[in-house]
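The primary structure of each chain is shown beneath.
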Amino acid sequence: MRAFTGHLPGSPAYRRLIAGLFFAGVATFAQLYSPQAVLPFIGSEFGVEPATAALAVSVSTLGLAVSVIPWSVVADRIGRVPAMAIGVIAATVLGLLAPLAPTLPLLLGARLLEGAALGAVPAIALAYLSEEVDAAHTATAAGSYVAGTTIGGLLGRLVAGPFGDVGLWRGGVFAVAAVCAASAALFLWLTPPAQGFAPQRRTGASGPALVARLATNLRDRRQLALYAQGFLLMGGFVAVYNYLGFHLVAPPYSLPLWVVSFLFLAYLAGTVASPWAGSLAGRHGRLPVLLAALAVMAIGIIVTAVPHVIAVLVGLLVLTAGFFGAHAIASGWAPAAAASQTRAQAASLYYLGYYGGSSLFGWLLGYAFHDLGWPGVAGCTLAMVAVAGLLAVLGLRAPRRAA
């Protein structure tokens, strides 16, 4: 029999795979970021500063960050699709319970556990893609998956946001969890079983130990540069979206939060940019497209600092397109560049950095916002993008051929 080399675009299995992971992305990222749209109301109800209110997002991304490596081990043992299914179902149950929490500590505890369950999808999805899709099309497929995550992030914010203005932010977060339950069901129905990977419990192959698999990736210069992209870019991106609401509901803009919620439509720029970046990378190489996306993100950050609401919106669109283009390249590159036995760990380490940056800078830049206002957030984020670009140039260039 011919060895399995991956599904090709246009085949029924490929379409089911992309659609299934699309709904997994919706189920994951809608509930992960749904409190972001109502952070000013969470802060007002519990009487806390913006940085403390932002913990409703940061603790869930922290839970996700610390869970990605354990989820990669689970996926190696029981299979990619079963592991993702367990995580999505557990997260949906916790997402329905979290908005019922009567105190901030209980809310944060529920969000931490929810984030840990949500870690299954980002920890495994790209490794699953790299094993199930023909190698020539993995960058494009990864871009399509990331596009689905942008739809999830957008839905979470758009559904939750308008509830806040009528004093029902808890109802908004609960409504998002209900949408995620439907998306989880579609993921379970559509996603085809793996053909390019056999769980260790069935094959009996132990493979290298977990520490050795992690160490293999952590000794790789390219992998470290890719993990740094996730850490720095996601940290700045989440900080922008965390504190944008606080910025625009305050003078001189004084916008109602339901209007601010519609600024999250800028996520659609990421929906377009992600598959486009993957397609460009397939033709021109990953590094040039990654650096171009970083430049676009930097331009967007600068434009958001112009004190006019239209400029903020345009800058947000440009920033979001640049971020998701860069993320689509870096996140798909990490497992694709890893050895076959370490792909799940490569993807997990990328997302450890990605959500570690989200948790750290999504909280820490709140103090920059408190002391320096929006220019403080924009300036810090711009510096982080510049460092990411430098590390990409130093770490991701192909080695020179010997003369």
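Every value quoted in this text rests on a predicted model; they were computed, and no experiment measured them.

Rules and cut-offs
- Residues numbered from 1 in each chain as written.
- Predicted model: local features only at pLDDT ≥ 70, side-chain atom pairs only at ≥ 80, totals over all residues.
- Heavy atoms only, no water.
- Phe/Tyr/Trp six-rings, centres within 6.5 Å; stacked < 30°, edge-to-face > 60°.
- Helix = DSSP H or I, 4+ residues; strand = E, 2+ residues; numbered from the N terminus.
- Buried < 20%, exposed > 50% of the residue type's maximum accessible area, 1.4 Å probe, protein only.
- Core = buried A, V, L, I, M, F, W, Y, C linked by side-chain atoms within 4.5 Å.
- Contact = heavy atoms within 4.5 Å.
- Salt bridge = Lys/Arg side-chain N within 4 Å of Asp/Glu carboxyl O.
- Expected span 1.5 Å × (residues − 1).

J.: I would appreciate a short explanation of the packing of aromatic side chains in the present structure.
T.: Two aromatic rings are characterised by how far apart their centres lie and by the angle between their planes. The tally for this structure, following the rule as stated, stands at 18 aromatic pairs. On the numbers, 6.5 Å between centres and 25° between planes, the contact of Phe 29 with Tyr 355 is stacked. Placement of Phe 29 in helix H1 (residues 12-33) and of Tyr 355 in helix H17 (residues 343-372) is noted, with a sequence separation of 326 residues between them. According to the relative accessible area criterion, Tyr 355 is buried, its value standing at 0%.

J.: Help me understand the nonpolar core in this model?
T.: The tendency in soluble globular proteins is for nonpolar side chains to be buried as a group. One finds Leu 21, Leu 129, Tyr 145, Phe 237 and Tyr 355 to be the most contacted residues of the largest nonpolar core, which totals 123 residues. No other element matches the 15 residues that helix H12 (residues 221-249) contributes to this core. Beyond its immediate sequence surroundings of up to four residues, Tyr 145 is in contact with Leu 21, Phe 29, Val 121, Pro 122, Ala 125, Leu 126, Leu 129 and Tyr 351.

J.: Would you mind going over the pattern of salt bridges with me for this structure?
T.: Side chains carrying opposite charge are able to pair once their charged atoms draw close together. Inspection of the entire model under this criterion finds six salt bridges. Here Asp 76 makes a salt bridge to Arg 213, at a shortest N to O gap of 3.4 Å. Of the two residues, Asp 76 is situated in helix H4 (residues 55-78) and Arg 213 in helix H11 (residues 210-218); the sequence distance between them amounts to 137 residues. Exposure class is identical for Asp 76 and Arg 213. Each is buried. The salt bridge involving Arg 80 is made with Glu 131; its shortest N-O contact spans 2.6 Å. Remark: Glu 131 occurs in helix H7 (residues 120-132) and Arg 80 occurs in helix H5 (residues 80-97); sequence separation between them is 51 residues. The pair formed by Arg 80 and Glu 131 is uniform in burial state, with each residue classed as buried. Because the salt bridges share partners, they merge into one network encompassing Asp 76, Arg 80, Glu 131 and Arg 213.

J.: It is not clear to me how H5 should be interpreted in this structure. Could you clarify?
T.: Residues spaced three or four apart along an α-helix face the same direction, because each turn holds 3.6 residues. Helix length check: H5 (18 residues) gives 27 Å between terminal C-alpha atoms against 26 Å at 1.5 Å per residue, within 8%. Residues of H5 that are buried: Arg 80, Val 81, Ala 83, Met 84, Ala 85, Gly 87, Val 88, Ala 91, Thr 92 and Gly 95. Taken together, the buried residues of H5 touch H1, H4, helix H6 (104-118), H7, helix H9 (169-190) and H17.

J.: Please explain the side chain of Ser 183 as it appears in this structure.
T.: Of note, Ser 183 is situated in helix H9. Residue class for Ser 183 comes out buried when judged on its relative accessible area of 6%. Among residues more than four places away in sequence, those in contact with Ser 183 are Phe 23, Val 26 and Ala 27.

Keep in mind that these numbers describe shape and distance, not what the molecule does.
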